[in-house]
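The primary structure of each chain is shown beneath.
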Amino acid sequence: MFKGFYNLTSGMLTQQRHLNVVGNNMVNISTAGFKESRYTASTFDDVMYARVGNTEKIYTEIGRQSYIRANSEIYVNQEQGIPEPTGIALDFAIMGDGFFAVQDDEGNIAYTRSGNFSLDDEGYLCYPGMGRVLDPNGSPIILGTDKLNVDAQGNIFTEREEYLGRLGVYAFDDLEQLEHNDQGFFLGENPTVVESPSVLWKYVERSNVNMIRQMTDMLTCQRALQSAASVTKMYDELMNHAASDLGRM
């Protein structure tokens, strides 16, 4: 009798979660190196089967219907963003596969496509608020100056052509295994060093968020959410009438 409430509530929760993802994409449209997230949902029983390890979906049915939709996964679109010239000496953009590695004060390493770096108080190349940028050997890069020359492989020199270091570019075999944290960085294990990376100096990679698609998704989710809320109200009134009429009988 009350199965409709399950469907309608599930629909509202699903659309609200989708709106949260769309909103995060739109907020970060101007964030260098940001990658668009995409929300997917599935029925509760499919999610449960997947989470117990049965990826082949060979299972015995536990029921005829599933009334609840659940958050299946949030996928990250790793497509290349458009490189944008900035003219700033500590800005870098990777063309093709790979990530910059940033190590925080506790030794934790995170990976990013955002290359708008700066110098810390000790002259190390760093990502503001996160940590120091690493070279291919996993060591912090000390520059001491922003008067630089940088070649297409990320080798850094002074204006007098004195070698200072090289930007580390790291790649992963399976990008879907990367975890996306709250700061927009990626976490992963066992990266490989890209031996011949393509690095643009005085550029940053723009976000790959498609504003038109995000606006369309936002309007679609809002309409669906409003419709589900309206039908839920009607359904509630119908249940009240049914209970009242049955009570009189």
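Located above this text is the structure these notes cover.
Notes on the structure follow. (Residues numbered from 1 in each chain as written. Predicted model: local features only at pLDDT ≥ 70, side-chain atom pairs only at ≥ 80, totals over all residues. Heavy atoms only, no water.)

Here the phi dihedral of Glu161 falls at roughly 65°; this positive angle occurs in a residue that is not glycine. Mapped onto the secondary structure, Glu161 falls in the loop between β11 (155-158) and β12 (163-166). The phi torsion at Asn190 lies on the positive side, around 55°, for a residue other than glycine. For Asn190, the position within the fold is in the loop between β15 (186-187) and β16 (192-193). Accessibility expressed as a relative area gives 69% for Asn190, which makes it exposed. (Helix = DSSP H or I, 4+ residues; strand = E, 2+ residues; numbered from the N terminus. Buried < 20%, exposed > 50% of the residue type's maximum accessible area, 1.4 Å probe, protein only.)

This part is about the packing of aromatic side chains. Counting across every chain of the model gives nine aromatic pairs. Seen from their ring centres, Phe99 and Phe172 are 6.0 Å apart, and the 70° between their planes marks the pair as edge-to-face. Of this pair, Phe99 sits in strand β5 (residues 99-103) while Phe172 sits in the loop between β13 (169-171) and β14 (179-180), and the two are 73 residues apart along the sequence. Across this residue pair, the class does not change: Phe99 and Phe172 are buried. Chaining the aromatic ring pairs together yields one cluster made of Phe92, Phe100, Phe117, Tyr127 and Phe185. In this structure, Arg132 packs its charged tip against the face of Tyr124, placed 3.9 Å from the ring centre. (Phe/Tyr/Trp six-rings, centres within 6.5 Å; stacked < 30°, edge-to-face > 60°. Lys NZ or Arg CZ within 6 Å of the ring centre and 35° of its normal.)

Here the focus is a negative patch on the surface. Together, Glu73, Asp173, Asp174 and Glu176 give the surface a local cluster of negative charge. With respect to the helices and strands, Glu176 occurs in the loop between β13 and β14. (Patch = residues over 30% accessible without salt bridge, like charges linked within 9 Å, V, L, I, M, F, W, Y side chains within 5 Å. Areas by Shrake-Rupley, 256 points an atom, 1.4 Å probe, with all protein chains shown as cover. Salt bridge = Lys/Arg side-chain N within 4 Å of Asp/Glu carboxyl O. Lys, Arg positive; Asp, Glu negative; His and termini not counted. Charge placed at Lys NZ, Arg CZ, Asp CG, Glu CD.)

Among the secondary structure elements, Asn155 is positioned in strand β11. Look at Asn155 and you get buried, because its relative accessible area is 17%. Ignoring any residue separated from it by four or fewer positions in sequence, one finds Asn155 in contact with Asn149, Val150, Tyr163, Gly165 and Arg166. (Contact = heavy atoms within 4.5 Å.)

Glancing now at the pattern of salt bridges. Within the structure shown, the criterion is met by six salt bridges. Its salt-bridge partner being Arg38, residue Glu36 comes within 3.2 Å of it at the nearest N-O pair. Between Glu36 and Arg213 there is a salt bridge; the shortest N-O distance is 2.8 Å. Taken together, the residues span a long stretch of sequence, with Glu36 in the loop between α1 (3-27) and β1 (37-43) and Arg213 in helix α3 (residues 211-248) at a distance of 177 residues.

The next subject is the environment of Gln153. Its location among the elements puts Gln153 in the loop between β10 (148-150) and β11. Taking the relative accessible area as the measure of exposure, Gln153 reaches 36% and is therefore partly exposed. Sequence separation of Gln153 and Ile94 is 59 residues, and the distance between their C-alpha atoms is 9.6 Å. Excluding residues within four positions of it along the chain, Gln153 makes contact with Arg166, Pro197 and Val199.

Distances and angles like these do not, on their own, reveal function.
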